[in-house]
Each structure stands twice: as C-alpha cells, then as structure tokens.
Amino acid sequence: MKLVIDHSSSIPLYAQVEALLREMIAMTEYQEGKLLPNEVDMSKELGISRNTLRQATNKLVYEGMLFRKKGVGTMVARPVDSKANNWSSFSQEMKSKGIEVVNFDINFSWVTPEDQVLNFFALDPGTKVLKMERLRGKDTGPFVFFISYFHPRTGLTGKEDFNRPLYEILKNDYSIVAKLSQEEITAEAASKMLAEKLDLAKGDPILKRKRFVFDPGRRPIEFNVGYYRADSIVYTVESEN
C-alpha cells in the first residue's frame, strides 16, 4: 500500500493520517498481526513530522483500535467482544466439568510457521518456533485437536511432561505467567485430516477456537487453535454491565 496524503488539502494533516491509518487497520495483513510501518519511516514517506503522526496514532490507541508495544512496534488491537475474569486452561475447564482429560496423541516439531503466527509473535521471517499438536478427549474418545505455537522466549523444548497442565509448566518451570487470553470462535466443515482424528465424516461441522495468550506485560506466549467436535462443547458467555 502506497502511503499518500494531500498536503494542499484544507483537511488537517493529522486527520488525513488518521483516515489513512483506519484504512490500514482494515487490511487483512494488519488484522493478522503485521506491524504497522515504524514511526520514522512512515513520517518520512508522508512528509510530515513525527508529532503529527503520533497525534493520529495516539487517538486510535485511545480508541482501542491500535496497540503500541515499546521495543516492538504498533499493531492492530485484536477485538474482544467479552472479557472473562479467571479464564481457564483446557485441563482446568474439563476438570471443572468433572471430565478427566486423556491425551490420545502428542507431537512436537520446530517449524517456520505461517505469517499470521510470525506476525502475532513479531518474529522475523524464517524464525523457527516450537509447534505442539495434541489430540485430546475423555475415556470414550477424542473430541478436540489442538495446534499450539510457542514464542521462543518461553524456553519450551518439547521434552517437558505435558501430562501436567501447560500453564503450570510455564509458571513453575519457566517463570512465565499466562495472564491474558483473547479468543476467536468460528464454525467450519471438517477437513479429511480433522475428520479422521475426531472420528467424523468429512464436511461435518466443527468448532474452531483460536486463543491468543499473553503474559502480564502483554507479550505473546502462545498461538493456539483448537478444533472441537460440534457435539462436544457448549460455549457460554456471561456478561454484566
């Protein structure tokens, strides 16, 4: 996207920059976590002062549309329709329902993930991260397939005992606290691979649940995607004004 504003217009420069930033916020690449151009480069390209750019950026940060992280950059803030206190890990969720979780299969690999994962972690292209795939459920069979990617900063190697809860491992073994979770929930048809793992027919409905996990400093820890059998989960949200 070419960054252009009209210096001869009667519309104030900061207002033009704000409109430009709103266009960028709506673009898929920035919605998926790509960092906005840095302040120095963007102000030079637009031919404006950094103060003018900062005025527009600060307004969008205040509105909750952008998130600025010192030492990292500025990115689109992920929308969260509801914020739940005391969110739980999958193991804790199941325990609260009286379900003993069974790990049917678990695999680890070091991979270069797709761009949306690299962008979420603010990592350079080509960086390898730890990927964990887990098929989980109860004694009657599996009902969810998880794919997790972990920021290299966590120190996880894949040799840990993952019969223990993940966030307990991070806290007790690596002094990393999972503080904030943001989620996106959608429905889709099961692919051949997912159908085989979850004992479904290809095309059957499944629930796709993305979870973005951060530490207390809002640094990303985990990018997680869970694929649930549609008959295995009821998702309830309680909101209070």
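Everything here concerns the structure above.
Read on for a plain summary of the structure. (Residues numbered from 1 in each chain as written. Predicted model: local features only at pLDDT ≥ 70, side-chain atom pairs only at ≥ 80, totals over all residues. Heavy atoms only, no water.)

Of the regular secondary structure elements, the protein chain holds eight helices and eight strands. The burial tally for the protein chain puts 39% of its 241 residues in the buried class. The long-range share in the protein chain, meaning contacts at least 24 apart out of those at least 6 apart in sequence, stands at 58%. Carbon and sulfur atoms make up 48% of the accessible area of the protein chain, which amounts to about 13,900 Å² in all. (Helix = DSSP H or I, 4+ residues; strand = E, 2+ residues; numbered from the N terminus. Buried < 20%, exposed > 50% of the residue type's maximum accessible area, 1.4 Å probe, protein only. Contact = heavy atoms within 4.5 Å. Areas by Shrake-Rupley, 256 points an atom, 1.4 Å probe, with all protein chains shown as cover.)

Next up on the list: the side chain of Gln16. Mapping Gln16 onto the fold places it in helix α1 (residues 13-25). A distance of 3.0 Å separates a polar side-chain atom of Gln16 from the backbone oxygen of Ile11. Discounting residues that sit within four places of it in the chain, Gln16 has contacts with Ile5, Asp6, Ser9 and Ile11. (Polar contact = N/O pair within 3.5 Å; in protein donor to acceptor, adjacent residues only side chain to side chain.)

Bringing the side chain of Asp215 into the picture now. Positionally, Asp215 belongs in the loop between β7 (205-214) and β8 (220-229). Judged by relative accessible area, Asp215 falls into the buried class, the value being 7%. Side-chain polar atoms of Asp215 contact the backbone nitrogen of Gly217, separated by 2.9 Å. Setting aside chain neighbours within four positions, we find Asp215 in contact with Arg153, Val177, Lys179 and Ile221.

Right, let's get into the sheet that holds strand β4 (residues 129-138). Taken in spatial order, the six strands make up an open sheet running β3-β4-β5-β8-β7-β6, and their pairing is antiparallel. The open sheet has two edge strands, β3 (102-111) and β6 (180-189), and neither has a second partner. Taking the axes of each pair of neighbouring strands and ignoring which way they run, one obtains an average angle of 15° across the sheet. Two strands pair when backbone bridges link them, and strand β5 (residues 141-150) and β8 are joined in this way by seven bridges, in the antiparallel orientation. If you follow Phe150 over to β8, its bridge partner there is Glu222. In this fold helix α7 (residues 166-174) packs onto β4, β5, β7 and β8, with an angle of close to 165° to the strand it touches most, β8. (Pairing = 2+ DSSP bridges. Axes fitted to C-alpha atoms, helices over the stretch in contact; angles between N-to-C directions.)

Before going further, it helps to spend a moment on the packing of aromatic side chains. By the definition in use, this model includes eight aromatic pairs. Ring geometry for Tyr149 against Phe223: centres 6.2 Å apart, planes inclined by 70°, an arrangement best described as edge-to-face. In this pair, Tyr149 is assigned in strand β5 and Phe223 in strand β8, connecting sequence segments 74 residues apart. Through a chain of ring-to-ring contacts, the aromatic side chains of Phe120, Phe121, Tyr149, Phe212, Phe214 and Phe223 assemble into a single cluster. If you follow Arg218 out to its NZ or CZ, it ends over the ring of Phe67, 4.5 Å from the centre. A cation sits over an aromatic face here: Arg218 above Phe214, 5.6 Å from the ring centre. (Phe/Tyr/Trp six-rings, centres within 6.5 Å; stacked < 30°, edge-to-face > 60°. Lys NZ or Arg CZ within 6 Å of the ring centre and 35° of its normal.)

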